[in-house]
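Each chain is listed here by its residues.
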Amino acid sequence: MDITLVQGDITEQQVDAVVNAANSSLMGGGGVDGAIHRRGGPRILEECRALRASRYGRGLQTGQAVATTAGLLPARWVIHTVGPVHSESEDRSGLLASCYRESLRVAELLGAATVAFPAISTGIYRWPLDDAARIAVQAVREADTSVAEVRFVLFDAGAYAAFERQL
Ligand code: AR6
């Protein structure tokens, strides 16, 4: 598997699947989640609503992943995953690693060859960038997957540098 880094906007990526840093409600939010729903249009939220009405009545648990259409985005699918809120008192790094692992498992089931990830939990959920980058790179490297390319899409230079240090 190739691991690549790009500084940019995840909604513009020409990949099979983009991963959304969602929350358990699957009903949208700020950050990456807001950008994906804005650019992808209402079909994504429609499918999220359908998921909540069926298999995910209580929402999507932290560390899990589920796919919908990508609507108007260049990608074919959005894989929604819920990162943990960073905590000083509790080690939640296993849940953050699980987001990457589970998203790749869903991508493989879809037949996606290229997958773009944001730096999950490093925005509104306040995970320190260097630590988040370490967990992300390690989880992806250790994943047993048929996905051919994992692209980390970092919004700013600081996030890009943090991931670059880990590679
Ligand atoms: N493309 C790539 N990266 C982005 C983009 C973008 N368009 N926009 C922001 N980032 P966040 P979280 C970066 O807050 O911390 C939402 O409300 C951002 O700079 O999107 O997992 C959800 O609904 C940061 O480095 O996700 C949840 O409630 C990274 O993406 C909550 O936020 C992740 O920031 C999830 O918080």
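In short, a report on the structure. The structure displayed is predicted, hence computed values, not measured ones.

1. Focus: the side chain of R151
Next, step 1: Note on placement: R151 falls in strand 6 (residues 149-154).
Next, step 2: Residue classification places R151 among the buried positions, given a relative accessible area of 15%.
Next, step 3: The residues touching R151, leaving out its near neighbours within four places in the chain, are T4, V6, Q13, Q14, V15, V115, A116 and F117.

2. Focus on the pattern of salt bridges
Next, step 1: All chains considered together, the criterion is met by six salt bridges.
Next, step 2: E12 is paired through a salt bridge with R39; the nearest N and O atoms lie 3.4 Å apart. One end of the pair, E12, is in the loop between strand 1 (2-7) and strand 2 (17-22); the other, R39, is in helix 1 (residues 31-40), with 27 residues separating them in the sequence.
Next, step 3: You can call R39 partly exposed: its relative accessible area is 43%.
Next, step 4: Across the pair E102 and R105 runs a salt bridge, and its minimum N-O distance is 2.9 Å. Of this pair, E102 and R105 both sit in helix 3 (residues 93-110), three residues apart, which is roughly one turn of that helix.
Next, step 5: Of the residues examined, E102 reaches a relative accessible area of 15% and is grouped as buried.

3. Quick word on the site of the ligand
Next, step 1: Not every one of the 21 residues close to the ligand is listed here, only the nearest: N23, G30, V32, D33 and T122.
Next, step 2: The contact in question runs from a nitrogen atom of the ligand to an N or O atom on the backbone of I10, over 2.9 Å.
Next, step 3: When the free accessible area of the ligand is taken as 700 Å², the share hidden by the protein chains comes to 90%.
Next, step 4: Elements that contribute at least two residues to the shell around the ligand include exactly strand 2 and helix 1.
Next, step 5: At four residues, helix 1 tops the list of elements feeding residues into the shell around the ligand.
Next, step 6: A breakdown of the residues in the shell around the ligand according to their chemical character gives 10 nonpolar, nine polar and two charged.

4. Details of helix 3
Next, step 1: For helix 3, which comprises 18 residues, the first-to-last C-alpha distance of 26 Å matches the rise-based estimate of 26 Å (1.5 Å per residue) to within 8%.
Next, step 2: Taken residue by residue, helix 3 has S93, L96, A97, S98, C99, Y100, E102, S103, L104, V106 and A107 as its buried positions.
Next, step 3: Considering only its buried residues, helix 3 is in contact with strand 2, strand 3 (65-69), strand 4 (77-82), strand 5 (114-117), helix 4 (129-142) and strand 6.
Next, step 4: Just downstream of helix 3 lies G111, where phi reads positive at about 90°.

5. Regarding the packing of aromatic side chains
Describing an aromatic ring pair means giving the distance of the ring centres and the angle of the ring planes.
Next, step 1: By the definition in use, this model includes four aromatic pairs.
Next, step 2: Measuring from centroid to centroid gives 4.9 Å for Y100 and F117, while their planes differ by 45°, and the two rings are tilted. Linking Y100 in helix 3 with F117 in strand 5, this pair joins segments that are 17 residues apart in sequence. With respect to class, Y100 is no different from F117; both count as buried.

Basis of the calculations
- Note on numbering: residues in each chain are counted from 1, in written sequence order.
- Since the coordinates come from a predicted model, pLDDT governs what is reported: local features require at least 70, and pairs of side-chain atoms require 80 or more to be given and counted, while whole-chain, interface and lining totals use all residues.
- To obtain the side-chain values, all non-hydrogen atoms of the structure were used and water was disregarded.
- Here a strand is any run of E in DSSP of at least two residues, a helix any run of H or I of at least four, and the numbering for each starts at the N terminus.
- Exposure categories follow from relative accessible area, calculated using a 1.4 Å probe and restricted to protein chains: below 20% of the type maximum is buried, above 50% is exposed, and the middle band is partly exposed.
- The criterion used for residue contact is that any of the two residues' heavy atoms lie within 4.5 Å.
- Any carboxyl oxygen of Asp or Glu within 4 Å of a side-chain nitrogen of Lys or Arg constitutes a salt bridge here.
- Near, as used in this document, describes a residue that has one of its heavy atoms within 4 Å of the molecule or strand being considered.
- Whenever two N or O atoms come within 3.5 Å, that pair is a polar contact, provided that in protein one can donate a hydrogen and the other can accept it, and provided that, for residues adjacent in sequence, both atoms are side-chain atoms.
- The Shrake-Rupley method, run with a 1.4 Å probe sphere, supplies the accessible areas, and residue values consider only the shown protein chains as cover.
- Under the convention adopted here, Pro, Cys and the residues Ala, Val, Leu, Ile, Met, Phe, Trp and Tyr are nonpolar, Asp, Glu, Lys and Arg are charged, and Gly plus all remaining residues are polar.
- How far a helix is expected to stretch is found by multiplying one less than its residue total by 1.5 Å.
- Side-chain rings of Phe, Tyr and Trp, where Trp is taken by its six-membered ring, are said to pair if the distance between their centres is within 6.5 Å; with planes under 30 degrees apart they count as stacked, over 60 as edge-to-face, and otherwise as tilted.

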